[in-house]
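Chain by chain, the residues:
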Amino acid sequence: MIFEHEIPSDSKLYFGKSAKIKRDIESRSSQLLESLGFEEIVTPVFSYHQHDSFENQSQLIKLNDDHNHTVTLRADSTPDVVRIATKRLGRSMESKKWFYIQPTLNFPTQEQYQIGGEVLQGNFSEALDVTISLLQTLELQPILQLANIRIPQLLNEKYGISLELLKSMQIEKILANDLPWIERLVAIHTIDDLSDLNMFPDDIKQELLKIKLEAQRLDYEPLIISPLFYAKMRYYDSLTFKMFSGNALLAMGGEYVIDDLKAAGFAIYTDECIAMKIRINEENK
Amino acid sequence: MLTIALPKGRIAEETLDIFSKIFNTNFAFDNRKLILEAHGFRFLNVRNQDVPTYVAHGAADLGVVGLDVITEQELDIVDLLDMQLGCCKVAIGIKNEDALDWSKPDIKIATKMVNITKNYFAQKAVGVQVIKLYGSIELAPLVGLADAIVDIVDTGATMRENGLKVAEEIMSSSAHLIANNNSFYAKKSDILSIYDKIKKVVDGNLP
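The rules behind these values
- Residues numbered from 1 in each chain as written.
- Chains lettered and ligands numbered in written order.
- Predicted model: local features only at pLDDT ≥ 70, side-chain atom pairs only at ≥ 80, totals over all residues.
- Heavy atoms only, no water.
- Helix = DSSP H or I, 4+ residues; strand = E, 2+ residues; numbered from the N terminus.
- Buried < 20%, exposed > 50% of the residue type's maximum accessible area, 1.4 Å probe, protein only.
- Contact = heavy atoms within 4.5 Å.
- Areas by Shrake-Rupley, 256 points an atom, 1.4 Å probe, with all protein chains shown as cover.
- 1 Å grid on protein atoms, 1.4 Å probe; cavity = no way out; pocket = protein on both sides within 12 Å on 5 of 7 lines; lining within 4 Å.
- Points joined across faces, edges and corners; volume = space filled by probe spheres on them.
- Nonpolar A, V, L, I, M, F, W, Y, C, P; charged D, E, K, R; others polar.
- Expected span 1.5 Å × (residues − 1).
- Core = buried A, V, L, I, M, F, W, Y, C linked by side-chain atoms within 4.5 Å.

Please give an account of the overall build of chain B that cites residues and values.
In terms of helices and strands, chain B carries eight helices and 11 strands. Each principal axis of the C-alpha distribution contributes one length, and for chain B these read about 55 × 35 × 30 Å. Looking at chain B residue by residue over its 207 residues, the buried ones come to 48%. When contacts within chain B are restricted to residue pairs at least 6 apart in sequence, those whose partners lie at least 24 apart make up 67%. Accessible surface computed for chain B: about 10000 Å², of which carbon and sulfur atoms make up 47%.

Can you tell me about empty space enclosed by the protein, naming the residues and giving the values?
Per the stated rule, a full pass over the model turns up one cavity of 30 Å³ or more. Empty space within the largest cavity amounts to approximately 40 Å³. Around the largest cavity, the lining residues are M169, L185, V186, S226, P227, L228 and F229 of chain A together with F184, Y185 and K188 of chain B. When residues of the lining of the largest cavity are traced back to their parent elements, those giving at least two are α7 (182-187) of chain A together with α7 (181-186) of chain B. Tallied by class, the residues present in the lining of the largest cavity amount to eight nonpolar, one polar and one charged.

Describe the environment of E221 of chain A, listing the residues and the values that go with them.
Within the secondary structure, E221 of chain A is located in the loop between α8 (202-217) and β8 (223-225). A C-alpha to C-alpha distance of 13 Å links E221 of chain A and H189 of chain A, two positions 32 residues apart in sequence.

I'd love a proper account of helix α1 (residues 16-35) of chain A, names of residues and values included.
One full turn of an α-helix is made of 3.6 residues, so residues set three or four places apart face in the same direction. Residues and elements named next belong to chain A. Helix length check: α1, at 20 residues, gives a terminal C-alpha distance of 29 Å against a target of 28 Å (1.5 Å per residue), a fit within 8%. Buried residues in α1 make contact with β5 (97-106), β6 (110-120), α3 (124-137), β11 (261-269) and α9 (270-283). Residue G37 follows α1 closely and has a positive phi angle near 90 degrees.

Would you mind going over α8 of chain A in detail, with residue names and values included?
Residues and elements named next belong to chain A. Over its 16 residues, α8 runs 22 Å from end to end, which matches the ideal 22 Å to within 8%, given 1.5 Å per residue. Regarding α8, the residues found buried are D203, I204, E207, L208, I211, K212, E214 and A215. Buried-residue contacts for α8 involve α3, β7 (143-148), α4 (150-159), α7, β8 and β9 (236-245).

Any details on the nonpolar core? Residues and values, ideally.
One finds L146 and L185 of chain A together with L80 of chain B to be the most contacted residues of the largest nonpolar core, which totals 121 residues. Sequence-distant contacts of L185 of chain A, that is, excluding residues within four places in its chain, are made with I151, L155, F200, I204, L208, P227 and L228 of chain A.

Give me the lowdown on unusual backbone geometry, citing residues and values where you can.
For the peptide bond that leads from F107 of chain A to P108 of chain A, omega is -5 degrees, which places it in the cis range. At N68 of chain A, a position not held by glycine, the phi torsion is positive, near 65 degrees. The residue N68 of chain A is located in the loop between β3 (62-64) and β4 (70-73) in this model. Of note in the backbone geometry, N24 of chain B takes a positive phi value of approximately 55 degrees without being a glycine. Residue classification places N24 of chain B among the exposed positions, given a relative accessible area of 72%.

Have a look at this one:
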């Protein structure tokens, strides 16, 4: 039996104070993004291209269009923003920087509000700097985690460590590999741990160096380095970042390639930010 | 401080014995208390199946729980170490006089472990009807509720006493040290430090 007031599990309802916080977060974010030269885009809820993004296709809510083509509800904004901005708007608009404020929808009934941005032909630093500015505007300072998905990919492709072990972080089995530097690689945690990279083979060293240069450029605390972190989005191909506090993931982003176009993007998870703002407000009472 | 969820009973006691060896002091829950704080650790005494939930939701940084429970719940956690405690098998049990009939279009299985069962039979491309039970699984084939069961087998005594035998082993299981994803990255030095110490005891290399 479904009650009259019942809403599906994991769908979102905001009212009163929480709705006001949501509106405030979105308003402050859109003002900042516009001031940084981003154009706003709102993409359809229905999409033909979501299956390219997800390793786990069971997250997608699928239906069919009038020609019986599979359509999915938007579970990730990035592929559609990039394709629409390049294929459709590219002819008439010059903007390379797009932001969106819209929810994503996952199976069976999960909603997640996001504020995201894509910098076409942009780089990692730009996406990360915008994300840090956004969270600072929202007066939030979570842990920033820097990673590089090429490192787990290289461990798999060249050093025989299964990607399944790396994705599920089976530490004992990863450390059991006969690589003289693997223990050191797993243990890297702070920028100081990147001071001497000479023990690593050149390919791994080169990817660690990218993290190091990014970490040195930043003036942000708390900052952690996680070379083995595997971001489970198919299109990421180099540096990635994650910002979290406790168990709450507040933001994520990275460099990626979609349709041979190099770009960088980010997403702020609005629902987690709202929950955190409410918690902080209550603690400050 | 690291918070560690332990499953009530023998595995909790054996894990606390390992901590006692490492820190050369006695770690033990007082009577019915559910929280123990000592040496910079907070231990939570929780039900076995709830350990991964406490860890995945961040209420605990670390947990100790059977690989069967981890596999069954399919949660996104870091699998740190096989602690080689509570070794057992997940197996298909049938009545002594029966044989598992793979030619049947649909096998009826009673179990607590719905996902492990479905995945195992799916790999064999055999249709399965899973009946979820919460206890006394061995009863199901005896009263015609199911053709077979999927359950934990330690010594096999419970199955034998109820006229059942192991038809096939699905997986080996033992208690694993697991970590919350964010905790692992945020508290990596502390977590890898305790990982090293526990591994030395598990490998029998504690000085």
